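In case you want the letters, here they are:
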There are 2 protein chains.
Amino acid sequence: MKLLLKVAFDGASFHGFQAQPSDRTVQGVLTETFSSLFGEKMNVTGCSRTDSGVHAEFFALTVEPEAAREGWLKIPPEKFHRAANDVLPGDISVLGAFIVNDDGFHPRYSVVSKEYVYRIEDAAAPSPFLRGRVCHTRRPLADADVSRMNEAAKGFVGRHDFSSFMAAGSKITDPVREVYTAEVARRGGLVEFTVSANGFLYNMVRIMAGTLIDVAEGRLTPSDIPAVIERRDRAAAGATLPPDGLYLHGVKYPFEPVWLAE
Amino acid sequence: MKLLLKVAFDGASFHGFQAQPSDRTVQGVLTETFSSLFGEKMNVTGCSRTDSGVHAEFFALTVEPEAAREGWLKIPPEKFHRAANDVLPGDISVLGAFIVNDDGFHPRYSVVSKEYVYRIEDAAAPSPFLRGRVCHTRRPLADADVSRMNEAAKGFVGRHDFSSFMAAGSKITDPVREVYTAEVARRGGLVEFTVSANGFLYNMVRIMAGTLIDVAEGRLTPSDIPAVIERRDRAAAGATLPPDGLYLHGVKYPFEPVWLAE
């Protein structure tokens, strides 16, 4: 039995998800907090490695005692978020919990699809309330630019070798991923690129977003995207945009968890 | 001639507006930045003293050289926000500029009305993206609670002695203010108390918000508000809510500035 949690975090003060000996990480903070809450060493396993500065509105992870055994969960799952949020720092929050009885379940390997959002603020006066939470550009994105970005994003959809959209030096042997949906739209003053796939290569969304900026600024046209993918060369795609604008937005598993949070 | 600016700031890392010898303040940061930008000592005068942690979505202030003279503004006002935002820290932003030729104008004493918003997040799982920017309560506010808070807020409207809503120990001699509008509504998942007046006493909005929480939680009814005002006693009103949820939201002058920001 594992406890599956849905959490949100502001990535600005975390050196990514994965625990590191000396830096503050999401896994490190959660392991320490939950071990203290349960009075024994807990293992925390995430759905994704996220980079420094990347945010999550919906990140999934499992919690179980290192000395795994049945009946360890003394806190009812529907009350777990309250107990956890009482002791967690303010930049991370447990949104809900769900008990998984399938021993084969793994929060990362069992993922069916994930969705990311990349947020761009195009304003001469950047909002102080969005710093570290968007990629800021002074150049205003006109409706026509957003429309071309959206058209270009459609070119990502499908099963492709995404080597052009993978950070140089990545050690991934199979760069084929299937993108299910991709769109660009203006929402609440920001331009948002939303993309879902069965998996993502290292920096894939940030490079896709940089390539869409090339489309907005006329260095590429929407019809160039298939050729950029076909090249299988990092140099064919655009810049890697900063982590600030990137949010993990959803994770899907073969089952639909009923998130308990009273 | 003075340059009137509209600025926004995230108050979390400022010890309020007013310059202090050793703490980081809005006035301190702006004086230093503008003096450096113009190459001479600039005077920065604000529309309000705000407390540590209080935010502004619309704060008005004037800038002029200490050695005041005509023709000092070498940067066109419509470009000033760009020049300023290039050098300002990320938690403060210039939204627009306007030239005031009336020598008698003072950003504080010329105010006709100001509007504040107090934001409350009622959620068992506080959003990590709102920490420091809302007052968080675990107790959910039902539609009926919000409706009663709104009804109570209407009791603030009018010209009253607001001594009950003034921090104990304030040295203000005339505690009479005229509240023009006051309402409570749920917006975007938050409960917002919006209030405009010709002026505000020290902590007035935060005490009003605390009193509205008393109404939500049944310790007061909406019809008690006139009596709470009538008592002219700080002890009659509710708690002073934390600064985190408070935003200066607008400032009105006898004229309507045409904010220049290309």
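Nothing here was measured: the structure is a model prediction, and the numbers come from that model.

A. Representation of the packing of aromatic side chains in the model. Under the defined criterion, the tally for this structure stands at 32 aromatic pairs over all chains. Summarising the aromatic geometry, the rings of Tyr-247 of chain A and Phe-129 of chain B are spaced 5.6 Å apart at their centres and angled 50° between planes, so their arrangement reads as tilted. Residue Tyr-247 of chain A is located in strand S10 (residues 246-252), and its partner Phe-129 of chain B is located in the loop between strand S5 (113-122) and strand S6 (135-137); the two belong to separate chains. This pair shows no difference in class: Tyr-247 of chain A is buried, exactly as Phe-129 of chain B is. A ring pair is formed by Phe-38 of chain B and Phe-80 of chain B, whose centres lie 6.0 Å apart and whose planes are at 15°; its orientation type is stacked. Pair noted here: Phe-38 of chain B is in helix H1 (residues 26-38) and Phe-80 of chain B is in helix H2 (residues 77-87), with a separation of 42 residues, a long-range link. A single burial state applies to Phe-38 of chain B and to Phe-80 of chain B, both of which are buried. Among the aromatic residues, those joined into a ring-pair cluster are Phe-9, Phe-14, Phe-17 and Phe-59 of chain A. Here Arg-119 of chain A stacks its cationic end above the ring of Tyr-247 of chain A, 4.3 Å away from the centre of that ring.

B. Inspection of the pairing of strand S5 (residues 113-122) of chain A at higher detail. Residue and element names in this part refer to chain A. Of all 10 residues in S5, nine are buried; the element is thus mostly enclosed. Relative to S10, S5 runs antiparallel, the two being bridged by six bridges. Paired with Tyr-116 across the two strands is Leu-248, which belongs to S10. With seven bridges connecting them, S5 and strand S9 (residues 190-197) associate as antiparallel partners. Bridging across to S9, Val-117 finds its partner in Thr-194. The pairing of S5 with strand S6 (residues 135-137) spans three bridges and is parallel. Paired with Ile-120 across the bridge in S6 is Cys-135.

C. Structural context of the packing of helix H1 (residues 26-38) of chain A against helix H2 (residues 77-87) of chain A. Residue and element names in this part refer to chain A. Across the interface, H1 lies against H2 with an axial gap of 10 Å and an inter-helix angle of 115°. With respect to their mutual orientation, H1 and H2 come out roughly perpendicular. In the crossing of H1 with H2, the sense of the turn from one axis to the other is right-handed. For the pair formed by H1 and H2, the contact residues are Thr-33, Phe-34, Leu-37 and Phe-38 on the first element and Phe-80, Ala-83, Ala-84 and Val-87 on the second. In terms of residue class, the contact of H1 with H2 is made up of seven nonpolar, one polar and no charged.

D. Structural detail: the relation of the copies chain A and chain B. In screw terms, the move from chain A to chain B is a rotation of 180° and a rise of 0.0 Å along the axis, fitting with an RMSD of 0.0 Å. When the rotation and shift are considered jointly, the pair of chain copies conforms to a two-fold rotation axis. In terms of proximity to the rotation axis, the leading residue of chain A is Phe-129 of chain A, whose C-alpha is 4.8 Å off the axis. A shared binding surface is used by both copies, with 100% of the interface residues of chain A retained as interface residues in chain B.

E. Here's a closer look at the domain arrangement of chain A. All names here are of chain A. You can read the domains of chain A as domain 1 (2-110) and domain 2 (113-249). Taken over C-alpha atoms, the centre of domain 1 sits 28 Å from the centre of domain 2. Each side of the interface is counted separately: domain 1 has 12 residues, and domain 2 has 14 residues. Across the domain 1/domain 2 interface, buried area totals approximately 1100 Å², and carbon plus sulfur atoms make up 48% of it. For domain 1, the biggest contributors to the area lost against domain 2 are Asp-51, His-55 and Glu-57; these three give 50% of the whole. A salt bridge links Asp-10 to Arg-133, with the nearest nitrogen and oxygen atoms 2.8 Å apart. Taken together, the connections running from domain 1 to domain 2 amount to 11 residue pairs in polar contact (both at pLDDT 80 or more).

F. Structural detail: the side chain of Asn-203 of chain A. Tracing the sequence through the fold places Asn-203 of chain A in the loop between S9 and helix H4 (204-216). Leaving out residues up to four positions away in the same chain, Asn-203 of chain A has contacts with Asp-51, Phe-165, Ala-167 and Thr-240 of chain A.

G. Representation of the pairing of strand S3 (residues 55-65) of chain B. Residue and element names in this part refer to chain B. By the criterion of burial, S3 is predominantly enclosed, with nine of the 11 residues buried. Sheet topology note: the strand S1 (residues 2-9)/S3 ladder contains six bridges and is antiparallel. Residue Phe-9 lies in a different strand from S3, and its bridge partner there is Ala-56. For S3 and strand S10 (residues 246-252), the ladder comprises two bridges, and the chain directions are parallel. The residue of S10 that forms the bridge with His-55 is Tyr-247.

H. Quick peek at H1 of chain B. Residues and elements named next belong to chain B. Here H1 contains 13 residues, and its C-alpha end-to-end distance of 18 Å stays within 8% of the 18 Å for a straight helix at 1.5 Å per residue. Among the residues making up H1, those that are buried are Val-26, Gln-27, Val-29, Leu-30, Thr-31, Thr-33, Phe-34, Ser-35 and Phe-38. Looking at where H1 begins, the residue whose side-chain oxygen comes 2.9 Å from the main-chain nitrogen of Gly-28 is Thr-25. Immediately beyond the C-terminal end of H1, within one or two residues, lies Gly-39, with a positive phi of roughly 70°.

I. Up close: the interface of chain A and chain B. Each partner contributes to the interface: chain A provides 26 residues, whereas chain B provides 26 residues. Interface area for chain A against chain B, summed over the two sides, is near 2100 Å², with a carbon-plus-sulfur share of 56%. If you sort the residues of chain A by the area they bury against chain B, Phe-129, Arg-131 and Arg-138 of chain A come out on top, with a joint share of 31%. The tally of links from chain A across to chain B stands at four salt bridges. Close ionic contact of Asp-86 of chain A with Arg-138 of chain B constitutes a salt bridge, the shortest N to O distance being 2.8 Å. The interface formed by chain A and chain B contains 12 residue pairs in polar contact (both at pLDDT 80 or more). Mapped onto the side of chain A that touches chain B, the elements with two or more residues apiece are strand S1 (2-9), strand S3 (55-65), H2 and strand S4 (92-100) of chain A. For the side of chain A that touches chain B, the per-class residue count stands at 12 nonpolar, five polar and nine charged.

J. Expanded view of the environment of Pro-140 of chain A. Residue and element names in this part refer to chain A. Counting through the fold element by element, Pro-140 comes out in the loop between S6 and helix H3 (143-154). Residue class for Pro-140 comes out exposed when judged on its relative accessible area of 58%. Beyond its immediate sequence surroundings of up to four residues, Pro-140 is in contact with Asp-122 and Asp-145.

Basis of the calculations
- Residues numbered from 1 in each chain as written.
- Chains lettered and ligands numbered in written order.
- Predicted model: local features only at pLDDT ≥ 70, side-chain atom pairs only at ≥ 80, totals over all residues.
- Heavy atoms only, no water.
- Phe/Tyr/Trp six-rings, centres within 6.5 Å; stacked < 30°, edge-to-face > 60°.
- Helix = DSSP H or I, 4+ residues; strand = E, 2+ residues; numbered from the N terminus.
- Buried < 20%, exposed > 50% of the residue type's maximum accessible area, 1.4 Å probe, protein only.
- Lys NZ or Arg CZ within 6 Å of the ring centre and 35° of its normal.
- Pairing = 2+ DSSP bridges.
- Axes fitted to C-alpha atoms, helices over the stretch in contact; angles between N-to-C directions.
- Parallel < 35°, antiparallel > 145°, perpendicular 65-115°, else oblique.
- Left-handed = near helix turned anticlockwise from the far one by under 90°.
- Contact = heavy atoms within 4.5 Å.
- Nonpolar A, V, L, I, M, F, W, Y, C, P; charged D, E, K, R; others polar.
- Least-squares fit on C-alpha atoms with pLDDT ≥ 70 in both.
- Domains from an automatic or database assignment.
- Buried area = accessible area lost by both parts, 1.4 Å probe.
- Salt bridge = Lys/Arg side-chain N within 4 Å of Asp/Glu carboxyl O.
- Polar contact = N/O pair within 3.5 Å; in protein donor to acceptor, adjacent residues only side chain to side chain.
- Expected span 1.5 Å × (residues − 1).

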